[in-house]
Amino acid sequence: MSDPTSVNAQIVDVINQVQTATMSPQVVLTSGAGKAYQSVAQTAAITVQDAADALRNISTIATTAVGVAMAQYLATGEDKYAKAMTLAQSMMTNATTDFGNIGSAAATVLKEFPSG
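Remember, predicted model here, so these are calculated numbers, not experimental data.

Draft legend 1. Here's a closer look at the overall build of the protein. The helix and strand tally for the protein stands at three helices and zero strands. The secondary structure elements of the protein, listed N-terminal to C-terminal, are α-α-α. In the protein, which comprises 116 residues, the share counted as buried stands at 10%. For the protein, the share of sequence-separated contacts (at least 6 apart) that also reach a separation of at least 24 residues comes to 70%. Of the roughly 8600 Å² of accessible surface on the protein, 62% is carried by carbon and sulfur atoms.

Here is the structure:
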């Protein structure tokens, strides 16, 4: 009968080989770098999604403001409503520029981040 506390040498060898293959410094470094890159990529994607949400919200506000200002302008002919339409359009232009800048910045961060 064999000693119940002894482990087959082949099993010990397999465990050692698996540990070496999965826990070597190079494997840990490469795996960590990949996980960090994925995290940065996810953050960049969320940032762009947030910017798209902001752009959508500003578009809704600007469109509503233009509609109200146009109705008032047609009803009264007062130039202050035409100015309000111009301001709303400017707000939308600025928001579109901001969206592009945020997207470009996110892409640059991701491109420059080491992937492995």
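Now, onward.
Draft legend 2. Here's a closer look at a nonpolar patch on the surface. Together, Val 7, Ile 11, Val 12 and Ile 15 make up an exposed nonpolar region whose accessible area comes to about 350 Å². Tracing the sequence through the fold places Ile 15 in helix H1 (residues 9-23).

Draft legend 3. Molecular detail of the environment of Thr 63. The topology assignment puts Thr 63 in helix H2 (residues 25-76). Look at Thr 63 and you get exposed, because its relative accessible area is 54%. Spatially, the C-alpha atoms of Thr 63 and Met 92 are 8.8 Å apart, while their sequence positions differ by 29 residues.

Draft legend 4. Summary view of helix H3 (residues 79-112). With 34 residues, H3 should reach 50 Å at 1.5 Å per residue; the first-to-last C-alpha distance of 49 Å fits that figure. Where H3 is concerned, the buried positions are Tyr 81, Met 85, Ala 88, Ala 95 and Ala 106.

Draft legend 5. Summary view of the pattern of salt bridges. All chains considered together, the criterion is met by two salt bridges. A salt bridge links Arg 56 to Asp 53; the nearest nitrogen and oxygen atoms lie 2.7 Å apart. One end of the pair, Arg 56, and the other, Asp 53, are both in helix H2, three residues apart, so they sit about a helical turn from each other. A salt bridge links Lys 80 to Glu 78; the nearest nitrogen and oxygen atoms lie 3.5 Å apart. Classification of Glu 78 by relative accessible area gives partly exposed; the value is 36%.

Draft legend 6. Main features of the confidence of the model for the protein. Summary statistics for the protein give a mean pLDDT of 88 and a share of 89% for residues scoring 70 or more. Ranking the elements of the protein by mean pLDDT puts H1 last with 78 and H3 first with 96.

Draft legend 7. Spatial organisation of the environment of Met 91. If you trace the backbone, Met 91 turns up in helix H3. Separated by 32 residues in the primary sequence, Met 91 and Ser 59 have C-alpha atoms spaced 8.6 Å apart. Setting aside chain neighbours within four positions, we find Met 91 in contact with Ile 58, Ile 61 and Ala 62.

The rules behind these values
Residues numbered from 1 in each chain as written. Predicted model: local features only at pLDDT ≥ 70, side-chain atom pairs only at ≥ 80, totals over all residues. Heavy atoms only, no water. Helix = DSSP H or I, 4+ residues; strand = E, 2+ residues; numbered from the N terminus. Buried < 20%, exposed > 50% of the residue type's maximum accessible area, 1.4 Å probe, protein only. Contact = heavy atoms within 4.5 Å. Areas by Shrake-Rupley, 256 points an atom, 1.4 Å probe, with all protein chains shown as cover. Patch = residues over 30% accessible without salt bridge, like charges linked within 9 Å, V, L, I, M, F, W, Y side chains within 5 Å. Salt bridge = Lys/Arg side-chain N within 4 Å of Asp/Glu carboxyl O. Expected span 1.5 Å × (residues − 1). pLDDT = per-residue confidence, 0-100.

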